[in-house]
Amino acid sequence: MMRSSIYLTRVALTIGVLTLSGCATVNGPQGATGKPVDPLEAVNKPMFHLNMGLYDYVLKPVATGYKTVTPDFVREGVSNVFSNVDMPYIFINDFLQGRGRQGMEDLSRFLVNSVFGLGGLFDVANRLDLPNHENSLGVTLGVWGVPQGPYLVLPFYGPSSLRSLPGLAMTIFTGPAYYLTVSSAQYALTGVGIINKAYVEGPNIRMVQEAVNPYVFMRNAWEQHEQYLISGGAVSKNQLLEGLQLPPPAAATPTPKPGEASPSHENMKGKP
């Protein structure tokens, strides 16, 4: 069955990554100098460029065609359904972290959209001001005090870490495709999910590609966002922007005081 093959593929991938990272540090993203530690950069960088190439030459054209042939309400409905499908994975981790209020909000969102939103096709919970949270097993392990371990870029998946790898298996077992018994339905659901993901994440991927150093930007942004979720949002704006290697701001031209000549006027004195 497809679900068995997917599971075995994930296990093989996990074993391979663990082998690669066996001699690497597992003390988290910060080294003694305070700079990000990336012991697997020699492997991560080629994988990052491979993933970006797959997006540019495969997923981006497909997502563009998807946007062209489908009306807005269809794309919105599909995104709502897949967002609702992810909710069990999210609220399970809410409760595992001891965040009862957030867990009840996410459980309520799932039930409201499943029942009154026709399986999540319509985001009724949003109209009831039920917030939409992010969560993962990697975040849960971080809340429990498990160190991040080396940063990883996984093929077809993107940024991750040694701590986040068990969450990949959890997403399989909490997703609906695993429980479908017809292979064609599994392929169809998985394919639509990939296309929808490429469409939804398009703006974020473009932002990464336009950064001064796309690889470093993605690594730092992912690690800081992960820490943001672990701390429950207790991260300052400066911490989130630190290390993203944004281009320096353009120097502002000083505004001349009344009665003073502007710099451009001063530069023109004595010139024909």
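Residues numbered from 1 in each chain as written. Predicted model: local features only at pLDDT ≥ 70, side-chain atom pairs only at ≥ 80, totals over all residues. Heavy atoms only, no water.

Novice: Tell me what's going on with the nonpolar core, and back it up with residues and numbers.
Specialist: Among the nonpolar cores identified, the biggest contains 13 residues, and F48, M52, Y151, V153, V208, Y215 and M218 are the most heavily contacted of them. Secondary-structure elements contributing two or more residues to this core are α2 (41-69), β1 (151-154), α10 (202-209) and α11 (214-230). Sort the elements by how many residues they give to this core and α11 lands first, with five residues. Residues L40, L154, L165 and L168 belong to the second largest nonpolar core, which totals five residues. (Core = buried A, V, L, I, M, F, W, Y, C linked by side-chain atoms within 4.5 Å. Buried < 20%, exposed > 50% of the residue type's maximum accessible area, 1.4 Å probe, protein only. Helix = DSSP H or I, 4+ residues; strand = E, 2+ residues; numbered from the N terminus.)

Novice: Give me the lowdown on the packing of aromatic side chains, citing residues and values where you can.
Specialist: Overall, the coordinates contain seven aromatic pairs when judged by the stated rule. A ring pair is formed by F48 and Y215, whose centres lie 5.7 Å apart and whose planes are at 75°; its orientation type is edge-to-face. Taken together, the residues F48 in helix α2 and Y215 in helix α11 connect sequence positions 167 residues apart. The same class applies to F48 as to Y215, namely buried. Relative to Y178, the ring of F173 has its centre 5.1 Å away and its plane inclined at 85°; by these criteria the two rings are edge-to-face. With relative accessibility at 31%, the residue F173 sits in the partly exposed group. (Phe/Tyr/Trp six-rings, centres within 6.5 Å; stacked < 30°, edge-to-face > 60°.)

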